[in-house]
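# Understanding the architecture of this molecule
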Amino acid sequence: MNKIKACLFDLDGVVVDTAKYHYLAWKRLASSLGFDFTKEDNERLKGVSRMRSLEILLSIGKVNPSEGKKIMMAQEKNSWYVEYISKLDESEILPGVKDFLIELRRNGIKIALGSASKNSMMILNNLNLTSYFDAIVDGNKVSKAKPDPEVFLLGASELKVQPSECVVFEDAQAGIDAAKAANMKVIGIGQKGVLLNADKIFEGLSDAHIDIIEF
Ligand code: B16
Ligand code: MG
């Protein structure tokens, strides 16, 4: 078996909880269209691209706008979301993440981001985490959404490591499936029984140490 040389991190739900800001912005859009959007509905959008998220939201509200109108809606939602995340700071980094990144770097493990978000640079900058990442692959660089493995394969290639030398940290089932399709190890962040097919599952990265990437 190959020794692990790199860790690839999903952003929302692993490094920071931006889902709550996505929720506020989607709820605001739903409300402007005259229907309610609940927290349970929001669970369906985690790890899903912006346009696919909009499709799900519109199906919940049974609204069927033109393609042009959909693009305007997605832009409006994003402008509200960006307004919320512009206020993010280091205090919102999820517990244990920064210490874990420091430990990985100290041990010569390469680090990449593998996120669907097109706002990842702004988020990492506001969290003061950008310098920990050797490669940043996000929604601006890939054309195929998770569960397609593109985002993680590009991450491995930018880090110049083999997929079999990588571990992915993911909170969404589509991301776990993407990592497996890329032939990578995957650590699920969430609840056992909800996330399927991960090699290991933890509720979060508090108290995470380098030994968790031994397989
Ligand atoms: P944006 P991840 C995902 O981030 C979010 O989980 C998902 O809810 C969001 O729709 C998607 O990013 C796109 O985000 O609108 O900022 O481009 O979990 O892949 O880091
Ligand atoms: Mg996620």
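Everything here concerns the structure above.
A short tour of the structure in this document, coming up. (Residues numbered from 1 in each chain as written. Chains lettered and ligands numbered in written order. Predicted model: local features only at pLDDT ≥ 70, side-chain atom pairs only at ≥ 80, totals over all residues. Heavy atoms only, no water.)

### Here we look at the coordination of the magnesium ion (ligand 2)
Note the cut-off: Each metal's donors are the N, O and S atoms found within 2.8 Å of it, except that Na, K and Ca use a 3.2 Å limit; water is left out, so coordination can look incomplete. Exposed residues in this analysis have more than 50% of their type's maximum accessible area, buried residues have under 20%, and partly exposed residues fall in between, with area computed by a 1.4 Å probe over protein chains only.
Protein coordination at the magnesium ion (ligand 2) comes from Asp10 (OD), Asp12 (O) and Asp171 (OD), with a distance range of 2.0 to 2.2 Å. By relative accessible area, Asp171 is classed as buried at 16%.

### Comments concerning the site of ligand 1
Which entries qualify depends on this criterion: Any residue with at least one heavy atom within 4 Å of a molecule or strand is counted as near it. Here a polar contact is recorded for every N or O atom pair within 3.5 Å, except that within protein the pair must consist of a potential hydrogen donor and a potential acceptor, and residues adjacent in sequence are included only if both atoms are side-chain atoms. Using the Shrake-Rupley algorithm and a 1.4 Å probe, accessible areas are obtained, with residue cover drawn only from the displayed protein chains. Under this grouping Gly is polar, as are all residues other than the nonpolar Ala, Val, Leu, Ile, Met, Phe, Trp, Tyr, Cys and Pro and the charged Asp, Glu, Lys and Arg. Start and end points for every domain follow an automatic or database-based domain assignment.
Taken together, 18 residues sit near ligand 1, with Val48, Ser115, Ser117, Lys118 and Asn119 positioned nearest. One of the backbone N or O atoms of Val48 is found 2.6 Å from an oxygen atom in ligand 1. When the free accessible area of ligand 1 is taken as 470 Å², the share hidden by the protein chains comes to 98%. Partitioned by chemical class, the residues of the shell around ligand 1 number five nonpolar, seven polar and six charged. If you count residues domain by domain, the shell around ligand 1 takes at least three from each of domain 1 (6-17 + 90-213) and domain 2 (19-85).

### As for helix H8 (residues 173-181)
Our working definition: Under the DSSP-based scheme used, a helix requires at least four consecutive residues in state H or I and a strand at least two consecutive residues in state E, with every element numbered from the N terminus. Within this analysis, the arc is defined by the directions that extend from the helix axis to the C-beta atoms. Throughout, a contact is declared for two residues whenever any of their heavy atoms are within 4.5 Å.
Restricting attention to buried positions, one finds in H8 the residues Gly175, Ile176, Ala178 and Ala179. Along H8, the residues classed as buried sweep out an arc of 160 degrees about the axis, all on the same side. On the buried face of H8, the contacting elements are helix H7 (150-159), strand E4 (166-170) and strand E5 (185-189).

### Concerning the nonpolar core
Heads up, the condition is: In plain words, nonpolar cores are sets of buried Ala, Val, Leu, Ile, Met, Phe, Trp, Tyr and Cys residues tied together by side-chain atoms within 4.5 Å.
Counting residues in each nonpolar core, the largest one holds 50 residues, and the members touching the most others are Phe9, Phe133, Phe169, Leu205 and Ile213. When we break this core down by domain, the ones giving at least three residues each are domain 1 (6-17 + 90-213) and domain 2 (19-85). One finds Ala6, Val137, Ala156 and Val186 within the second-largest nonpolar core, a separate group that totals 21 residues.

### Here's the deal with the sheet that holds strand E6 (residues 200-202)
Our working definition: Two strands are said to pair when DSSP picks up at least two bridges between them. All axes are obtained by fitting lines to C-alpha atoms, using only the stretch in contact for helices, and the reported angles, taken between N-to-C directions, cover 0 to 180 degrees.
Here six strands make up an open sheet; going across it, the order is E3-E2-E1-E4-E5-E6 and the pairing parallel. Of all the strands in the sheet, just strand E3 (135-137) and E6 have a single pairing partner and so form its edges. Shown here is a sheet whose adjacent strand axes are inclined to one another by a mean of 20 degrees, direction ignored. By the bridge criterion, three bridges tie strand E2 (residues 110-114) to E3 in an arrangement that is parallel. By the bridge assignment for E3, Leu113 is matched with Ile136. Of the strands in this sheet, E4 and E5 are in contact with H8, which crosses E5 at around 170 degrees.

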